[in-house]
Amino acid sequence: MWIPTEHEKYGVVLATFRGTVQHGLPLEIGDTVQLLEKCEGWYRGFVHKNPNAKGIFPCTYIHLKNAHIKNKGQFETVIPTEDSVITEMTTTLRDWGAMWKRLYVVKTVQHIHKNEGDLFHRLWHVMNEILDLRRQVLVGHLTNDRMKDVKQHITARLDWGNEQLSLDLVPRREFSMVDPDEISVTELFKLMEHRHRKKETPVPASTHHLFVHMKSLMSSNLGEELEVFFHIYDGRENKPLSERFFVRLNKNGVPKSPEKTERQCTLFVDLGSSDLRKDVYIVVHIMRIGRMGAGEKKNLCSIQYRRPFGCAVVSIADLLTADSKDDHLLKVYACTTESEWYQIHENIIRKVNSRYNLSGSNTGLAVSLQLLHGDIEQLRREYMVLFTRGVSITKKLGFSDIIMPGEMRNDLYVTLEKGEFEKGGKSVARNVEITVYVLDIEGQVMKSYVAAGSGEPGGDEYHSFVLYHNNSPRWAEQIKLPIPVDMFRGAHVRFEFRHCSTKDKGEKKLFGYSFVHLMQEDGRTLPDGTHELIIHKCEENANLQDSSRYLKLPFSKANLPGNNQAVKGTKESFWITSFLCSTKLTQNGDMLDLLKWRAHPEKINDSLSKLKEIDGSEIVKFLQDTLDTLFGILDESSQRYGLKVFDCLVHIINLLQDSKFQHFKPVMDTYIESHFAGALSYRDLIKVLKWYVDRIVDAEHQDHIQQVLKATEYIFKYIIQSRRLFALATGGQSEEEFRCCIHELFMSIRFFLSQENKITSPVTQTQAVFLRTFPAVYGELLKIFTVREVAGFVRETLGSLPATAHAECPLEAVKLHCIAKTVESQLYTNPESRCILLPVVLRLLQAHMQEQRDLVMCARILTSMLSLIRKDDSVTTEPVVSEEVDLIVDSLLVVLMRTILEITNRPQPAGTNMRLQFQDITGEFVACLLALLRQMSDKHYQQLLQTFTSKDDLRDFLLQIFTVFRILIRPEMFPKDWTVMRLVTNNVIITTVLYLSDALRKNFLNEKFDYKVWDSYFYLSVIFINQPCLQLESFSPSKRKRVLEKYGDMRVMMGCEIFSMWQNLGEHKLNFIPAMIGPFLEVTLVPQPDLRNVMIPIFHDMMDWEQRRSGNFKQVEAKLIDKLDSLMSEGKGDETYRELFNSILLKKIERETWRESGISLIATVTRLMERLLDYRDCMKLGEVDGKKIGCTVSLLNFYKTELNKEEMYIRYIHKLYELHLKAQNYTEASYTLLLYDELLEWSDRPLREFLNYPMQSEWQRKEYLHLTIVQNFDRGKCWENGIILCRELADQYESYYDYRNLSKMRMMEASLYDKIMDQQRLEPEFFRVGFYGKKFPFFLRNKEFVCRGHDYERLEAFQQRMLNEFPHAIAMQHVNQPDQTIYQAEAQYLQIYAVSPIPESQDVLQRDGVPDNIKSFYKVNHIWRFRYDRPFHKGTKDKENEFKSLWVERTTLTLVQSLPGISRWFEVEKRELVEVSPLENAIEVIENKNLQLRTLIAQCQSRQMQNINPLTMCLNGVIDAAVNGGLARYQEAFFVKDYIVNHPEDGEKIGRLRELMFEQAHILEYGLAVHEKFVPQDMRPLHKKLVDQFHVMKSSLGIQEFPAYVRASPVHFTNGSPRSSCRNSVPNIISPDGARVVARRSPLTYPAVNRYSSSSLSSQASNEVSNITGQSESSDEVFNMQPSPSTSSLSSNHSASPNVTSSAPSSARGSPQLQDKHKHSRENSCLSSRERPVSAIYPNPLDPAQRATPHQIGDTTLPRSDPNLSAPDKVRTTFSSRSLDSVKEVNNTQFSDTVGKLLCPPVPPRPPYSGSSAKTMRSQSPLPTSRSPQKSSLPPFTPSPTECQSAGLVSNSPVLSGSYSSGISSMSRCSVSEASGTEATTGDHPAHQGHTMPNSVSSGSDELIRRENKTPPPYSVYERSNPRRPVPLPHSLSIPPSVDPPALPPKPHQLRTSSMKLVPTSDPRRADGVPHVPRPRPLPRKVSQL
């Protein structure tokens, strides 16, 4: 049985538990679990990281921990009873763990910034450190001090990690996290600010230390030992600042004792901030130990001398900028003359380079230098290694800036300055060396007390360096004598002078000595300064051991008696400088006199007077002795010396205020507490103090009185301690007397404080001095008086201050300072005293805040006051706290809010917006306001609201507090990591708002309604809910849980309050419609389900009220739509919201009378949301441009057609324009901008600034748009459209007589014409794409589109691109329409295949003499309809002749807009399906081939072909196919009696086919005649063969000679057109339904090898051609093929003929293999090198698959370009064409070599033919599309009839079943290059390889209509009622009527009716010929405001 757990509540998982048992809960090691129930060794509970999942787990897996339970019961919270630091560590490490793993992913997936990669590793190390420290804390074996250190380390690391990971700042006190509910808001703010400032601005250290590590001296001329001396030198004062650091180097220049680091490293300590300047230097002197001359030969002399070597200098300022620990190489300089050695460093600093030179170019001193900051104890902690391994301390000369009590130091520094010596009978000057000894009182040498510097231990003696032959040597050498204090008396220093001989013996001869006493007889030490000592002469053997002999002699010339002139006059002298740094000895006689006052009572007066002149450091040395002396004098002679002693005491007290001596205050405090014994002193002290205070008002000079008042604190300390001692000694006698004295003293004080004076009056300044020190007295008074008594003193004293003071009076600031100290004092913390002092404090505070004076201090006082007020549980303090809150609210609440408003409205200095609270005191005032509001209870709010007597006052208060709350919510109010503070703020705000909403309801509803207050309320509520810090969804789970546990979801609370208040409004709701729609919509977009459920119904209410008022809710709709766009683009809203919005509102309006219109509105808004969500998803970073563009088009459409929102429409036009420019879709960009251009007129209306457009007239903006569009049309090579806009602009310029711009425009137009003729344009392919399945975005879902491909993009490339854009999509393997299961599937299906465009502009394409450069534009521009064909068999298939039953299923797709347009793809609006009969198919194929032959012959005749190969190959293909049975198959199929009888309706068509076959024979004969004329010699054999084959063909067809009417029509075409007239019913060159000729190519051969269909050449002929021409590849230069809509094989870049196509396009995912029996028998090609691209002649060497050898061409096993072949299988496939009638498979030969002879006689050129269409459409011939980069001015040919015939005959043979990749014909298409004429050059020209931009846009064929009518822009979406949306080109692209229009570009109204009979007024897309009725622009013209 499961029993609830009592004490077992919390545990940690010890091992992973899989949870495989029933109801088992999986656990991971380290998880914390909460235990709910227990049963027989099992627990039931949940893991804290996922509290919703509850389950069971074994008890043995859990380690139980003690825990504290809150809210025991169902909703209990369990908190482990462990150290709070441990708890924080655990939770923090869990949070970091997840983020650390994410960092790893980011680090590995992306190439990120180095710092972020470093963060991963640094965080890892810190986490490990924290875990180690955690273990130490958990073990519990640490001492308290060590525990404190460990916790400090832990919290420092936690804070570092939180900062690095942008987590929240944790408020802490004593290392533990602080619960914001348990402290006041002001305290919380102070903690946060303190931690933030600590993080932001480290306090600069005032003490600095220099670390020096001597490494080596590098020099080439070493060989002697060296001594190196470092010291710090002040270049400004020209004196050393520190003692010397001394390092000995060996002969190699490295330290002698490398193992003793303290002899190589030192710390120059106690440098002040003033010492870190440019003119303070580190000076290094180097001495060598050796011979006198550095270059002397080594002699037998073993005596060593100290001789100068070099000097180096570096400025300390250089170290401030250097890295933390740099190695420096210091240049070493040598002295040019030894006499200048003493100042070499000064010369180097002053750069007097005549006095020194570089000792050697390679001499340098390697030293490590580092500046350290902070006090020495801090350094010991931070640089522990430094101190443990050993470092010597080099002290400053003199005391540091701050003298610490207890510091012991007794150092005497002696500098050997200079000497003056006589020659002593020598001819040259002496080499003088000084030896220094220290001797004690007994004359014994003191051991180890002579030190050259720190670093080396002291010695017994010191030898100076020797200057060569110098009788006036200057050493400037400093030594240190650290003699103990007790050995100072009687000690002296002796200096012995010796001459150092340079002779062989190297003797040192003593010739004199000097000495000096260290202490005078009266106890004073040797005074600091320079002393001239007497040199006493002596001999080498003189006995100096007995010091008593010479000590009686005079030692200093200054101390000589006047009669001793003989000694005074001697020339020999020795100068030293002494400096004592001692904490125990003094050189001051006055100090000694005062301390010995009992010995000399007569000197007391003088000594007391001279005390003020004594240096402070001397006084603090003897502080206790001095104080004892003063109070001793006072006790004995108070009447006589009372005033002087008081003044001396004041002087000493004020001396301790100096920063240098402030650390001696505790010494004085200790003295007062422990050593002070003046029990009677208080009377004298009070009396003197009162005497001074009474004299204040009348005194002229206030300086001394001010000094007295500065010392008030310590005077009171002495008074109180004296009284306590007295009371202790006497049992409390004279208590009343003492109280009276104090009362009288305070009366005197109050009197002088109450004086009103001028601002500059000295009395005012004295008042200020007293107020500064007064608060320090409270604590002393409390030692004797009660709390109430002291509070009374303070209240009366502060109350006596003059109330009316000037604002600029300095006393005001001091008053406030005094109040601040009072509030912070111990006195104020007591509730008893607080109620006495509070009124005084509040009165002063209110006055200052109202006048906005001293706000910093006001904030400080308020913070302190409110920190003391807490809601206490105890009953006793509750009334007190409540009363205090009442008082503060009454006095300060309103003024506090006003202050916050004024501060925040002040202009901020630049760059400080994000740090408001640190630049001013906004943050502190805000914390005060929050603390006050948090303390207010219901009673306080009621009292507050009752204080407002009028409605206006209450209204102003509410407006003010709502405004303040809005300010508090601002993101910049607190730093971004202060989430704790923000949550507290929000909690206070929502509590206050709940209290105030009652007042709002009671006072401002119904007739008292006030819109402004309500609006302010709603506005605040909306901002509150939308705060980033309340969006719990963005928090980590643990943080979200903590917030919800503590505060709940405050957004929901506020949402419910909004709803409640809204419901109370009643009819006043209308005031907020539509204003509040946007804000409320923003609230509903917050992803919180409860909040949405509460808020969405408000929209129903709004619709209802708006319906009542206006009868509709257009306003609601308009506002909703406007706001939705902006809000969703910011990332708000989701699919769930859309569904919720729809369902809630639909449910709400079910019973409304206006239900229908409501449903319409909801549907519109929902559809808009769908599009906006799609748009937002597509605009994400990393999405492909295609998706973005498609989505933008969908949204733009929606705004235009459904919402009619012109401004939004225009905005999205420009967004789309930018996307196109980015994707380099310049043509589409132009069309897009045209949409906006079309909305403007050529008028002078002013337009406002909009988007990036300035304020300008409509004319100017339209002109700018025109120019931009023309520029983009130019870049997109759509020059024809640019010309039309140029003309329109030119007309405008002409009408304004702006000839300058007119000229430019005409030149631009001319340049566009040139580009049309001169530059190459690629013709794009078109692809139909179906997007099926629910996983596609809304704008694509279950729709089909036609897309314009990129340059050079073929089917498989396009297919791959689409699969990359939609990586989850599945490519469909068939072209059939999908069923409903696919439509509704939760997946993505893509169906892609190529389609052929059906051009509209037939007149240009059919016109004679129009160059191909022009025609190519009309073939692929302004295309509405596209086609793809699928072959199939009807009825029984004839195995002998498949063409009998081969039909074609032709699908025509009509788009909503023509391509190109504002997008590269448009949706298919209509599908038409027709079936083309076998006979019609045959007619199309033969007609196309005839046209092709005519074109090639004409080009050859007009010598446009430099290479005859294309004609050769075409003739070869047609003749070979005819001979081998191509045409015969057609004859067998359609000319037999059975067919004619069974299909009587096809009579005309059979005749037409016969005509075409006869015509083809005639053309071939003429073509052979032309070919003979131009054929080169090496191709004669081929020509002969062709002639022979042609005769065979003629005889096989039964043709002997052509009738007269055929011969009368010679094949001579001047304009390149084989036929001079066109039939309107006959298939035109370009027809909407015409089949296309297609070139298939392998993906591996493009562009080097382009596969084309040769005619049915025999294998032998094919090889022959290959051998002759030397080529085996075909080229697009020759064969101008068109993409087939029906093929989608990935293995072919070109698509098959549209006449017959595969029904199953292969997908990018792979295709089935083609079986051998389906493979073609051979492929033949012949192509001249001139016609091919260079890559065809020189195939890519890297791609051997592109090389096809002649013997491969005839290979019967070659794979063919079949849609079912995958790309790898086609590597060897070189040609896509087939010769169907010459197929000779190895296993199965289909046809005999001969064909039947049935052929009708030839017919003359035909009149216009009118044949019936297949099923519903006319059979029209396709236009061969040029793929060649080179363009010619000649028209294309139609394919030969044999192609159609042979394809029709065999396409369903067993060999080819299922494979129609290269078209229907047996002689597959041989569409000859249109570039083979005038522009064709040798194939070696790379310039013709087609590096061109996307194709351009047609101007259409309905120009006549648009000349008369203004029509919508090319991309305008019309109403749904239209069955068809004919959108002609915009009127901006139309051509104005002209009598004699220019020839180019061809215009639709110049149709040649003789060539083609079209109804000019009908829409080219309408089959029914219904005339196009122009419709008005759907958008209202509001653009004038834009």
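Our structure's up above, just so we're on the same page.
Residues numbered from 1 in each chain as written. Predicted model: local features only at pLDDT ≥ 70, side-chain atom pairs only at ≥ 80, totals over all residues. Heavy atoms only, no water.

A.B. asks: Hey, could you run me through the overall build of the chain in this one?
C.D. replies: Of regular secondary structure, the chain possesses 64 helices and 40 strands. In the chain, the proportion of contacts linking residues at least 24 apart, taken out of those at least 6 apart, comes to 77%. As displayed, the chain offers around 81,300 Å² of accessible surface, 51% of which is attributable to carbon and sulfur atoms. (Helix = DSSP H or I, 4+ residues; strand = E, 2+ residues; numbered from the N terminus. Contact = heavy atoms within 4.5 Å. Areas by Shrake-Rupley, 256 points an atom, 1.4 Å probe, with all protein chains shown as cover.)

A.B. asks: Any chance you could explain the packing of aromatic side chains here in plain terms?
C.D. replies: The relation between two aromatic rings is expressed through the spacing of the ring centres and the mutual angle of the planes. Overall, the coordinates contain 74 aromatic pairs when judged by the stated rule. Geometrically, the ring pair formed by tyrosine 1236 and tyrosine 1253 is tilted, given 5.7 Å between the ring centres and 45° between the ring planes. Remark: tyrosine 1253 occurs in the loop between strand 32 (1246–1247) and strand 33 (1256–1257) and tyrosine 1236 occurs in helix 45 (residues 1226–1238); sequence separation between them is 17 residues. Joined through ring pairs, the aromatic side chains of Tyr682, Phe716, Phe726, Phe738, Phe746, Phe752, Phe770, Phe774, Tyr778, Phe785 and Phe793 make up one cluster. (Phe/Tyr/Trp six-rings, centres within 6.5 Å; stacked < 30°, edge-to-face > 60°.)

A.B. asks: I'm lost on helix 20 (residues 735–753) in this one. Help?
C.D. replies: Quick reminder: α-helices carry 3.6 residues per turn. Residues three or four places apart thus point the same way. Compared with the 27 Å implied by 1.5 Å per residue over 19 residues, the 27 Å span of helix 20 between its first and last C-alpha is a close match. Within the sequence span of helix 20, burial applies to Phe738, Arg739, Ile742, Leu745, Phe746, Ser748, Ile749, Phe752 and Leu753. Turning to helix 20, the residues buried within the fold contact helix 17 (681–694), helix 18 (703–710), helix 19 (712–730), helix 21 (762–773), helix 22 (778–781) and helix 23 (787–799). (Expected span 1.5 Å × (residues − 1). Buried < 20%, exposed > 50% of the residue type's maximum accessible area, 1.4 Å probe, protein only.)

A.B. asks: What is the right way to look at the nonpolar core in this model?
C.D. replies: One recurring pattern in soluble globular proteins: nonpolar side chains tend to sit buried together. The biggest cluster of nonpolar side chains holds 312 residues, and the ones touching the most others in it are Tyr718, Phe925, Phe1018 and Phe1080. Ranked by the residues each element gives to this core, the list is headed by helix 28 (residues 877–905), at twelve residues. Apart from residues no more than four positions distant in its own chain, phenylalanine 1080 is found in contact with Phe1018, Val1022, Ile1058, Trp1062, Met1095, Ile1098, Phe1099 and Met1102. Counting 56 residues, the second-largest nonpolar core is a separate cluster that includes Leu439, Leu481, Ile483 and Phe515. (Core = buried A, V, L, I, M, F, W, Y, C linked by side-chain atoms within 4.5 Å.)

A.B. asks: How should I be thinking about the sheet that holds strand 31 (residues 573–582) in this particular structure?
C.D. replies: Adjacent strands of a sheet form backbone hydrogen bonds with each other and so pair up, either parallel or antiparallel. Strand order in the open sheet made by the four strands is 26-23-31-29, with antiparallel pairing throughout. Only two strands of the sheet have a single partner each, and these edge strands are strand 26 (474–481) and strand 29 (529–534). Looking at each pair of strands side by side, their axes are set apart by 25° on average, direction ignored. Here strand 29 runs beside strand 31; their pairing, made up of six bridges, is antiparallel. Within strand 31, the position partnered with threonine 530 by the bridge is threonine 577. (Pairing = 2+ DSSP bridges. Axes fitted to C-alpha atoms, helices over the stretch in contact; angles between N-to-C directions.)

A.B. asks: Looking at this structure, how should I read the packing of helix 20 against helix 23?
C.D. replies: Helix packing geometry: the angle between the two helix axes and the distance between the axes. Axis separation between helix 20 and helix 23 bottoms out at 10 Å; the angle between their running directions is 20°. Taken together, the axis directions place helix 20 and helix 23 in an arrangement best described as roughly parallel. Contact residues: Arg739, Ile742, His743, Phe746, Ile749, Arg750 and Leu753 in helix 20; Glu789, Phe793, Glu796 and Thr797 in helix 23. Its residues placed into classes, the contact of helix 20 with helix 23 shows five nonpolar, two polar and four charged. (Parallel < 35°, antiparallel > 145°, perpendicular 65-115°, else oblique. Nonpolar A, V, L, I, M, F, W, Y, C, P; charged D, E, K, R; others polar.)

A.B. asks: Could you clarify how one ought to interpret the sheet that holds strand 24 (residues 432–439) in this entry?
C.D. replies: Spatially, the five strands line up as an open sheet ordered 25-24-27-28-30, and their pairing is antiparallel. One side of each edge strand has no neighbouring strand; the edge strands of this open sheet are strand 25 (461–463) and strand 30 (536–537). In terms of strand pairing, strand 24 meets strand 25 through three bridges, oriented antiparallel. Counterpart to tyrosine 437 in the pairing with strand 25 is glutamate 461.

A.B. asks: So what exactly am I meant to see when it comes to the pairing of strand 15 (residues 265–272) here?
C.D. replies: One face of the sheet, then the other: side chains in a regular strand alternate in exactly this way. Across the eight residues that make up strand 15, a large majority, seven, are buried. Strand direction decides the pairing type here: strand 15 and strand 22 (residues 392–394), joined by three bridges, are parallel. Each residue of the ladder has a partner; that of phenylalanine 268, found in strand 22, is threonine 394.

A.B. asks: What is the right way to look at the pattern of salt bridges in this model?
C.D. replies: Two side chains that carry opposite charge are able to pair once their charged atoms sit near each other. Counting across every chain of the model gives 97 salt bridges. The partner of arginine 1328 in a salt bridge is glutamate 1344, and the shortest N-O contact between them spans 2.6 Å. In this pair, arginine 1328 is assigned in strand 34 (residues 1326–1332) and glutamate 1344 in strand 35 (residues 1343–1348), connecting sequence segments 16 residues apart. For the pair arginine 1328 and glutamate 1344, one class covers both residues: buried. (Salt bridge = Lys/Arg side-chain N within 4 Å of Asp/Glu carboxyl O.)

A.B. asks: Even after reading the chapter, I still don't get the pairing of strand 24, so can you show me in this structure?
C.D. replies: For strand 24, a buried count of eight out of eight residues is recorded, marking the element as mostly surrounded by other parts of the structure. Here strand 24 shows a buried face lined by Val432, Ile434, Val436 and Val438 and a second buried face lined by Glu433, Thr435, Tyr437 and Leu439. Looking at chain direction, strand 24 and strand 27 (residues 492–500) are connected through eight bridges and run antiparallel. Directly across from threonine 435, in strand 27, lies its bridge partner glutamate 496.

A.B. asks: Please clarify how the side chain of glutamate 1263 should be interpreted in this entry.
C.D. replies: Its location among the elements puts glutamate 1263 in helix 46 (residues 1258–1275). When residues no more than four places from it in sequence are discounted, the contact partners of glutamate 1263 are Trp1242, Leu1289 and Tyr1293.

A.B. asks: Can you help me understand the packing of helix 16 (residues 665–675) against helix 19 in this one?
C.D. replies: Viewed as axis vectors pointing N to C, helix 16 and helix 19 meet at an angle of 15°, and their least axial separation amounts to 10 Å. Relative to helix 19, the element helix 16 is oriented roughly parallel. In the crossing of helix 16 with helix 19, the sense of the turn from one axis to the other is right-handed. Across from Lys665, Met668, Asp669, Tyr671, Ile672 and Glu673 in helix 16, the residues of helix 19 making contact are Tyr714, Lys717, Tyr718 and Gln721. Its residues placed into classes, the contact of helix 16 with helix 19 shows five nonpolar, one polar and four charged. (Left-handed = near helix turned anticlockwise from the far one by under 90°.)

A.B. asks: Hey, could you run me through unusual backbone geometry in this one?
C.D. replies: The phi torsion of most residues other than glycine is negative, and most of the peptide bonds are trans. The linkage connecting isoleucine 1073 with the following residue, proline 1074, adopts the cis geometry, with an omega of 10°. Here proline 1074 lies in the loop between helix 36 (1050–1065) and helix 37 (1077–1084). Residues other than glycine seldom take positive phi values, yet phenylalanine 175 does so here, at roughly 70°. Relative to the helices and strands, phenylalanine 175 is located in the loop between strand 9 (172–173) and strand 10 (176–177).

A.B. asks: What is the right way to look at the side chain of glutamate 1344 in this model?
C.D. replies: For glutamate 1344, a relative accessible area of 11% translates into the label buried. Side-chain polar atoms of glutamate 1344 contact the side chain of arginine 1471, separated by 2.8 Å. Glutamate 1344 has contacts with Arg1328, Val1329, Gly1330, Tyr1332, Gln1377, Phe1466, Glu1467, Val1468 and Arg1471, leaving out every residue within four places of it along the chain. (Polar contact = N/O pair within 3.5 Å; in protein donor to acceptor, adjacent residues only side chain to side chain.)

A.B. asks: Please explain the environment of glutamate 572 as it appears in this structure.
C.D. replies: Mapped onto the elements, glutamate 572 comes out in the loop between helix 10 (565–569) and strand 31. According to the relative accessible area criterion, glutamate 572 is buried, its value standing at 3%. Each C-alpha atom, one on glutamate 572 and one on isoleucine 534, is 7.4 Å from the other, the two residues being 38 residues apart in sequence. If we ignore the near neighbours within four places in the chain, the residues touching glutamate 572 are Glu420, Phe421, Glu422, Arg430, Ile535, Lys537 and Lys557.

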